[in-house]
Amino acid sequence: FEVTVAQQIFGRRMPSLAAVTGDAESPYQVVLCGERPRLRLPLGTDLGELAPLETLRSADTVIVPGVEEPLAPRSEALLAGLRAAHAGGARIVSFCGGAFVLGFAGVLDGRRATTHWVLSREFRELFPLVRLEAEKLYVDDGELHTSGGMFSMVDLSLHMLALDLGHS
């Protein structure tokens, strides 16, 4: 769901919207990347061809969507890619339980963040160096942005659009 929302908000403009606004081109280029060349999600959604994880290193913004098993350890290749993107100056974003992936990468240490409130106890136990603000819809901590429950990703996305393009 989070991948689709990111594509809708930051990706190619819907023709019906573009016809009204006259703005057919998105200022963003959305690229899905992963450890495998193709990914089918547990509920059957096929994300299509994925760019390699090395793509993270040149991204301006990296969005980590919610994950099926947020408490599960992640591969060192993924975590290293996120650390490299962060070190390279990318804006790092997580939707919902994607904050766990950022926590495992260590990029949230010493920073403010949020995640789904249901997972707040587990998050605090796993990442004691992160200042969890579980009551927030989203947290903007400079170049690190996290959203809480599943639908708060829309609020965070609108916040990022306003930062990038202005409120209008």
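### Side note on a nonpolar patch on the surface
Step number 1: A surface patch of nonpolar side chains, amounting to about 330 Å² of accessible area, comprises Phe1, Met150 and Phe151.
Step number 2: Mapping phenylalanine 151 onto the fold places it in the loop between strand 10 (144-147) and helix 6 (152-165).

### Remarks on the sheet that holds strand 5 (residues 61-64)
Step number 1: With mixed pairing, four strands are arranged side by side in an open sheet as 5-6-10-9. A strand with exactly one partner marks an edge of an open sheet, and here the two such strands are strand 5 and strand 9 (138-141). Strand-to-strand twist of the sheet, defined as the mean angle between neighbouring strand axes without regard to direction, takes the value 10 degrees.
Step number 2: Sheet topology places strand 5 next to strand 6 (residues 91-94); four bridges connect them, and they run parallel.

### Thoughts on the packing of helix 1 (residues 2-10) against helix 6
Step number 1: With their axes 11 Å apart at the nearest point, helix 1 and helix 6 run at an angle of 30 degrees to one another. If you check the angle between helix 1 and helix 6, you find them roughly parallel. At the point where helix 1 passes helix 6, the crossing takes the right-handed sense. Contacts from Glu2, Val5, Ile9 and Phe10 in helix 1 reach Met153, Val154, Ser157, Met160 and Leu161 in helix 6.
Step number 2: Partitioned by chemical class, the residues of the contact of helix 1 with helix 6 number seven nonpolar, one polar and one charged.

### Things to note about the pairing of strand 6
Step number 1: Taking every second residue as pointing to the same face, both faces of strand 6 are buried, with Arg91 and Val93 on one and Ile92 and Ser94 on the other.
Step number 2: A crossover links strand 5 with its parallel partner strand 6, the connecting element being helix 3 (residues 76-87), and its sense is right-handed.
Step number 3: Pairing of strand 6 with strand 10, which is carried by three bridges, proceeds in the parallel orientation. Pairing of serine 94 across the sheet is with threonine 146, part of strand 10.

Thresholds, definitions, all that
By convention here, each chain's residues receive numbers from 1 onward along its written sequence. Since the coordinates come from a predicted model, pLDDT governs what is reported: local features require at least 70, and pairs of side-chain atoms require 80 or more to be given and counted, while whole-chain, interface and lining totals use all residues. Side-chain metrics in this entry use all non-hydrogen atoms of the structure; hydrogen atoms and water are not considered. Any residue with relative accessible area above 30% and no salt bridge may belong to a patch, with like charges joined within 9 Å and the nonpolar Val, Leu, Ile, Met, Phe, Trp and Tyr side chains within 5 Å. Note on areas: these come from Shrake-Rupley sampling with a 1.4 Å probe, and a residue is covered only by the protein chains present in the view. Only one rule defines a salt bridge in this text: a Lys or Arg side-chain nitrogen within 4 Å of an Asp or Glu carboxyl oxygen. The secondary structure listing takes helices from DSSP runs of H or I that are at least 4 residues long and strands from runs of E that are at least 2 residues long, numbered from the N terminus. One bridge is not enough; two strands pair if DSSP finds at least two bridges between them. Note on definitions: angles span 0 to 180 degrees between N-to-C directions of axes, and those axes are lines fitted to C-alpha atoms, for helices only across the stretch in contact. Any angle that falls under 35 degrees is termed roughly parallel, while one over 145 is termed roughly antiparallel, one within 65 to 115 roughly perpendicular, and all others oblique. Working rule for handedness: look at the near helix, and if it is turned counterclockwise from the far one by less than a right angle, call the crossing left-handed; if clockwise, right-handed. We call two residues in contact whenever any of their non-hydrogen atoms come within 4.5 Å of each other. Ten residue types, Ala, Val, Leu, Ile, Met, Phe, Trp, Tyr, Cys and Pro, are classed as nonpolar, four, Asp, Glu, Lys and Arg, as charged, and the remainder, Gly among them, as polar. Relative accessibility thresholds used throughout: buried, under 20% of the residue-type maximum; exposed, over 50%; partly exposed, between the two (1.4 Å probe, protein chains only). A clockwise course of the path from the first strand over the helix to the second, judged with the strands pointing away from the viewer, identifies a crossover as right-handed.

Without other data, these values stay purely geometric and don't point to any function.
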